[in-house]
Structure formats: structure tokens, C-alpha cells
Amino acid sequence: MKASLLVRLLGHRRGAVGALAVAVMLAAGVLAPAVAPYSYSTQSLTQRLQPPGRAHWLGTDGFGRDVLSRVIWGSRVSLEIGFLATALSLVVGSALGGAAGYFGGTADHAIMRVADAFLSVPALFLVLIVVALFGASLLNTALVIALVTWAPAARVVRGECLALRTREFAQAAVALGAGHARILGRHLLLNALPVIVVQASLLLGQTILIESGLSYLGLGAQPPLPSWGNMVVEGRQFLASAWWIAAFPGLAIFVTVLGFNLFGDGLRDAFDPALRGTS
Amino acid sequence: MGGLRSYVLKRLGFAALMLVGVSMILFAIMRVAPGGPEAVLVGGEFSAEAAARIRQRLGLDRPLALQYATWAAAAVRGDLGRSFKTGDPVATLIADRLGPTLQLTGGALLFAVAVAVPLGVLAAVRRGTAWDTLGSAVSLFGVSFPSFWLGIMLILLFSEALPWLPPSGLAEYGREGDVLSRVRHAVLPTLTLGLIQMAAVMRFTRSSLLEALRQDYVRTARAKGLADGRVVWRHALRNALIPVVTVIGLSLPTLVGGAVLTETVFAWPGIGRLAVGAVFERDYPVIMGVNLVVAVVVVTANLLTDLAYTVIDPRISYR
């Protein structure tokens, strides 16, 4: 079962491309100390604003720091916040969405109205306010990003549990006298796992995008630690003379987010080939 | 008609409740956050007495509930207080910047719909062809592009490499009345925000039209010999547009969020930039005011979206 899933995923061209992009970015983040050719913070006035070349593949920035090394180190912050925020968002989204789908009725109604309210708040706005006021620590940022992204996840999980609830194995569990927690956890959420995994991949892209927007506004990792968003800001002032400073970190965000989106699409199709091309 | 009226009233009541809830939460968040506006207002070192004096002047020493009640009572009358920093009335600050933001978001939405709906239709009708591939590429890129970076790359291309368009601002200084100058300045920011917004609209148009094309009435229309174009545009698309309208409504919050970044990139004098500045300076009345106005706009737009259903599909009635 697992092997065939992998085969289907790799046979899915876009999914495989996404998996590759994600793997490269993850490797860069994990292995940053080993693979980055230079330090991310060592400044060199003689090496300022060097265009991409043999010594510095992606050029150097206004302080003479190697852009490639900073892009590699920058992946850490983005991925850490992305994974933490996604995990939090999925836990909340699955629990609430699952409960809504399973219990139905008033609980469903109440939970989904709250989700609607969260969906109608401009997310970046809210995140900006909370992070600016409470400080841009890893946990703060991840928490508040999770706060604005759990609602779509809850919606998807609810839909899935609503459908699963009527299936025979779920009915059988009820007939056998299983408790709510057991039915919801073992029978519904476990079977909704494919949907949740797909959602995780798409959410990762989204949370990384929000994080990069925050760090563009100056609320990400604090210098000299690089984050992709603040590298783009620094590059903005050199746009006319040194385009590479802003271009490459942005490209890294794009490739990572695109990778997670493609991977998510590939996973969805691999889990359920019947859905291929319908959405 | 009576059903519609009570529906609208009910929705308005709900919306008002939500506005109260959101503003209360926000009010509380700002007051429990560490550090206050006094640190920003004074700057550098200051004594505890100086801080207390400032807090007293700004009314921050009073009980939280009383502060909120005072703010809310004034807000209902259209008085949003005065900026801690400049002393200007918040309502005026917002009114001055609402126009540019509405121009930017409205233009971006128009652009997105004008391109995404036809593209979505083509992708669905010519499923599996190059149009379909183009469509899915557009929607995928749209959800994967950091909008601020897209903006900067457009500046790099169309302002730096090719000196065609201005990179920032609403118009040249002193030429705000010049329509041509305004349009030239609006192109890049509108494009940036619009391209990002296109993705969702295009994806929903496609999947919803695919769904509609499978319906019986489409087969009937085809069976009675109607031309393909007529079947798609008159029969299927009209039914497929309902989810599309929903998506446009649902994407408004993202549109506003995107405007915050786009306005920052292009130095666009809208409420997004006003809000970013206010957040960093802890200008509580401005933050509250901007959020209230944004919430009112989003809630109103959502209500209008729901009412638009009745125009597209006369079978839908609200009660």
C-alpha cells in the first residue's frame, strides 16, 4: 500500500517535481552549516555588491555577504515557522473540524460560524498586529499564523468526517458501543488522514508565504540572522544596481511554496486517482 | 420582498455583533501587549512619572472596560478618536487614504475577474489542452508567489530595466489631479495585487463550469442542437457563476491583506500603509479605526455578494 502510493506519487510528474523542490529546500535548511559556502553574517567591504560569479554564485549583498549562504540559512527560519504553524493549525483544525462533522447539529453550527468569522478577518492584518505588539518570536509568530489558518483546514476535515460518519465501519463502531473519542479519533480522523496530509502540504506553502510577508514588513527573524523576506527588503534599495540581492531570496520563497503546492496536488491524486484533474 | 428585507436585517444584526466582538478582542489584545505607546512617544529613557503622565493624558490609566465603552460610544457616532502620534482625527486620516486603497483593490479585483473568468472557461471547455495547462499554471503560480516579491520584480522589469512605468507613489508630486499620471502609477500595483488574486477565481470558474457542463440541462441544450458557444455561455456559465461569486466574496480578506504588502512595496498612500505605520508606533486609535473600517467594508461586501446570488439565480430566495 505504502509502496504503491510512492510509485503513484513519483509517476505523477508535477507531484514528483514538487517533492524534489521540497526535498532540496529541506536539505538546505537542515544541512545549512555544512552546505553554505560562506558564513551568513561575515561582512566584507571589498566584496560589496558583487554580481553572481564563480566566487559567489548568487552574488553578494550591500555588506559583502554571500547571497547564496544567506538564502540557505534563511530557509531555516521559514521552514521552522512553516512547520510549527502548520502543525498547530492542523491540530486545531482537525479537532474542531472533526468534532463538527462527527457531532453535527448545534456543535457543528457553532464551530462553523466561528470558522466563518475567522475566514472573514484579513489574516495578514491580524497577524501583523499581534506579532508587532507581542514580539516576533518563533512561537508567537507560529501561533498567530495558526490562528488565521485553522479555519479552512477545519472546513475540509469536517466535510470528510461528515461523509465518513455514514460509512459502515463507523456505524459498526457505534453499534459496538465505542465512545465518541474512539470513533472520532480511530475511525473518522484516521481515515481522514489522506485529506489531512494533503492539507498539511498546502498549508505549509501558505504559512511560509505569510511568514515571508511578515518578515518583509520587518517582523521576521532579527538581523543578522537572515530570513527570505527581510533579504528582499534589503535588496529593494539596490534594485537598480544589484538586482540579485532581492531576486534570489524571493525566488527561494516561490520555489518552496510552489514545491509544497505541487507536492500536495500530487499527494491528493496519489491518494485518490479518481480525483485527478477535477479541481 | 419581505423575506429579503428580514434576511438583510438579520444579516446586519449578525454583522454588528461580529464588529463588536472583533473590536473588543482587538482592544483587549492591544492593552495586554507588553510595552505601551509612551515608549514610542517619548523615545529613549524616561522616568516612571513621565510614563504615567502620558498614560493619563491618553486615558490609558482608566479601567479597560471604561476605555472600550468610551471608544465604542464615540465610534458609533463616527468619531474614531485622535492619533496618539500626530493628534489628527483618525476618521480624517482614514478618509484620506481610503480612496487610494479602494482604487487599488477595486482595480485589482476587476483585472483578476476580467482575466480569470474567460481563462477559467477556456480551461474547462478545452479541458486537457494547452489552455487548460495555462490555466492551471496561472492558478498554481498565483497561490505560490509572494506578492511583495512579484511587485519588486515588476518594478525591476518595468521601472529599472525598461523605464516605462513609475515604481512608487500615487502620482508625481503635485500632479495628483492628472489622470494619466495616476493611471501610470496604478499599473504596477494593480497588476501585482490582481495577478495574485486571479488564481482562486480562475480555479473556481474552471471546476464549477466543469461541474455545470455535466448537468442534464446542458445535455438537453446540446441535444436540441444549440451551438456550443451558446450552451457554454448562456446555460452552463450562468449556473457556474454562483460559486465564482462566492470565491470573489471570500477572497476579499486576502485582497485587503495583499493590499497591506502591495501598498508597502509601492509606497501607495492607502490604509494598509497607515496601519503598518500605526502598528509599529502603537498608535492604538489608528489601529482600531483602520480595523473597524476594514471590517465594515468586508462585511458589507460579503452581504452584497450574497445578494448578488439572487440576481444570478432567481431561484435563490432569502428569508
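As the structure is a prediction and not an experimental result, all values here were calculated from the model.

Student: Just give me the short version of the overall build of chain A, but keep the residues and values in it.
Tutor: When you go through chain A residue by residue, the secondary structure sums to 12 helices and zero strands. The linear arrangement of helices and strands in chain A, starting from the amino end, is α-α-α-α-α-α-α-α-α-α-α-α. Principal axes of the C-alpha set define a box for chain A whose edges measure 75 × 45 × 30 Å. In chain A, which comprises 279 residues, the proportion classed as buried is 53%. Here the analysis covers contacts within chain A between residues at least 6 apart in sequence; of these, 71% occur between residues at least 24 apart.

Student: Please set out the overall build of chain B residue by residue, giving values where relevant.
Tutor: Within chain B, the secondary structure is distributed over 13 helices and zero strands. Helices (α) and strands (β) of chain B occur, in sequence order from the N terminus, as α-α-α-α-α-α-α-α-α-α-α-α-α. With respect to the three principal axes, the spread of C-alpha positions in chain B is 85 × 60 × 35 Å. Buried positions account for 37% of the 319 residues belonging to chain B. In chain B, 72% of the contacts between residues at least 6 apart in sequence involve partners at least 24 apart.

Student: Please give an account of the nonpolar core that cites residues and values.
Tutor: Judged by nonpolar contacts, the single largest core of 167 residues is most densely connected at Phe125, Val127 and Leu128 of chain A together with Val201, Ala275 and Val290 of chain B. Those residues in contact with Val201 of chain B that sit more than four places away from it in its chain are Ala112, Val113, Ala116, Val117, Val244, Val247 and Ile248 of chain B.

Student: How would you explain the confidence of the model for chain B if you had to name every residue and give the values?
Tutor: Residue and element names in this part refer to chain B. Taken as a whole, chain B shows an average pLDDT of 85; of its residues, 97% reach a score of 70 or greater. Across chain B, the element-wise mean pLDDT spans from 76 in helix 2 (residues 37–42) up to 93 in helix 7 (residues 147–161). Interface confidence in the predicted complex, given as ipTM, is 0.87; pTM for the same model is 0.87.

Student: I'd like a rundown of helix 6 (residues 123–134) of chain A, residues and numbers included.
Tutor: Residue and element names in this part refer to chain A. Between its terminal C-alpha atoms helix 6 stretches 17 Å, which fits the 16 Å expected from 12 residues at 1.5 Å a residue. Most of helix 6 is tucked away: 11 of the 12 residues are buried. Considered for burial, the residues of helix 6 that qualify are Ala123, Leu124, Phe125, Leu126, Val127, Leu128, Ile129, Val130, Val131, Ala132 and Leu133. Backbone geometry just after helix 6 places Gly135 at a positive phi near 100°.

Student: Account for unusual backbone geometry, naming residues and giving values.
Tutor: Note: most peptide bonds trans; most residues except glycine with negative phi. The phi dihedral of Leu49 of chain A is positive, around 50°, even though this residue is not glycine. Within the element layout of this structure, Leu49 of chain A appears in the loop between helix 3 (32–35) and helix 4 (67–103). Positive phi outside glycine occurs at Arg282 of chain B, with the angle close to 55°. Within the fold, Arg282 of chain B resides in the loop between helix 12 (271–281) and helix 13 (284–312). We classify Arg282 of chain B as buried; it has 21 C-beta atoms within 10 Å.

Student: Which residues make up the interface of chain B and chain A, and what values do they have?
Tutor: The partner chain A presents 35 residues to the 34 residues of chain B that form the contact. Looking at the side of chain B that touches chain A, the elements that each hand over two or more residues are helix 1 (2–32), helix 6 (130–144), helix 7, helix 11 (252–265), helix 12 and helix 13 of chain B. Here the side of chain B that touches chain A gets seven residues from one element, more than from any other, and that element is helix 7 of chain B. In terms of residue class, the side of chain B that touches chain A is made up of 27 nonpolar, six polar and one charged.

Student: Report on the environment of Ala52 of chain B, specifying residues and quantitative values.
Tutor: You can see Ala52 of chain B is positioned in helix 3 (residues 48–57). Counting along the chain gives 14 residues from Ala52 of chain B to Glu38 of chain B, while the straight-line C-alpha distance between them is 8.6 Å.

Student: Give me the lowdown on the packing of helix 6 of chain A against helix 12 of chain B, citing residues and values where you can.
Tutor: Contact pair helix 6 of chain A / helix 12 of chain B: the axes reach a minimum separation of 9 Å and the direction vectors enclose 20°. Taken together, the axis directions place helix 6 of chain A and helix 12 of chain B in an arrangement best described as roughly parallel. Helix-helix and strand crossings are classified by hand; for helix 6 of chain A and helix 12 of chain B the assignment is right-handed. Of helix 12 of chain B, the residues touching helix 6 of chain A (which contributes Phe125, Leu128, Ile129 and Ala132 of chain A) are Ala275, Val276, Val279 and Phe280 of chain B. Taken together, the residues that form the contact of helix 6 of chain A with helix 12 of chain B break down as eight nonpolar, no polar and no charged.

Student: Tell me about the packing of helix 7 (residues 138–165) of chain A against helix 10 (residues 193–216) of chain A, and name the residues and values.
Tutor: All names here are of chain A. Contact geometry of helix 7 with helix 10 gives a least axis separation of 10 Å together with a crossing angle of 150°. The orientation of helix 7 with respect to helix 10, classified from their angle, is roughly antiparallel. The two elements helix 7 and helix 10 cross, and the hand of that crossing is right-handed. Contacts from Thr141, Ile145, Thr149, Ala153, Val156, Val157 and Glu160 of helix 7 reach helix 10 at Val195, Ile196, Gln199, Leu203, Gln206, Thr207, Ile210, Glu211 and Leu214. Its residues assigned to classes, the contact of helix 7 with helix 10 shows nine nonpolar, five polar and two charged.

Student: Give a detailed account of helix 12 of chain B, specifying residues and quantitative values.
Tutor: In terms of residue burial, helix 12 of chain B counts as a mostly covered element, since eight of its 11 residues are buried. Contacts from the buried residues of helix 12 of chain B go to helix 6 of chain A together with helix 5 (90–125), helix 11 and helix 13 of chain B. Backbone geometry just after helix 12 of chain B places Arg282 of chain B at a positive phi near 55°.

Student: Lay out the environment of Gly35 of chain B with the relevant residues and their values.
Tutor: Examined against the element boundaries, Gly35 of chain B turns out to sit in the loop between helix 1 and helix 2. For the pair Gly35 of chain B and Arg282 of chain B, spaced 247 residues apart in sequence, the C-alpha to C-alpha distance is 9.1 Å.

The rules behind these values
Just so you know, the residues in each chain are numbered from 1, in the order the chain's sequence is written. The order in which chains are written sets their letters, starting at A; the order in which ligands are written sets their numbers, starting at 1. Reporting in this predicted model follows two pLDDT cut-offs: at least 70 for local features of residues, and 80 or more for side-chain atom pairs to be given and counted; totals over whole chains, interfaces and linings ignore these cut-offs and use all residues. Numbering of helices and strands runs from the N terminus; a helix is a DSSP stretch of H or I covering at least four residues, while a strand is a stretch of E covering at least two. Put simply, a residue is buried when 20 or more other C-beta atoms lie within 10 Å of its own C-beta and exposed when 12 or fewer do; between those, it is partly exposed, and each C-beta is set from the backbone. Placing a C-beta atom from the backbone of each residue, one calls two residues in contact when those atoms lie within 7 Å. As used throughout, a nonpolar core is a set of buried Ala, Val, Leu, Ile, Met, Phe, Trp, Tyr and Cys residues joined through C-beta atoms within 7 Å of each other. pLDDT measures the predictor's confidence residue by residue and takes values from 0 up to 100. Given a helix with a known number of residues, its expected span is that number minus one, times 1.5 Å. Gly counts as polar in this scheme, as do all residues outside two lists: the nonpolar Ala, Val, Leu, Ile, Met, Phe, Trp, Tyr, Cys and Pro, and the charged Asp, Glu, Lys and Arg. Angles shown run from 0 to 180 degrees and are taken between the N-to-C directions of axes, each axis being a line fitted to C-alpha atoms and, for helices, limited to the stretch in contact. Should an angle fall under 35 degrees it is taken as roughly parallel, and over 145 as roughly antiparallel, whereas 65 to 115 is taken as roughly perpendicular and any remaining angle as oblique. Two helices crossing with the near one rotated counterclockwise from the far one by less than a right angle form a left-handed crossing, whereas a clockwise rotation gives a right-handed crossing.

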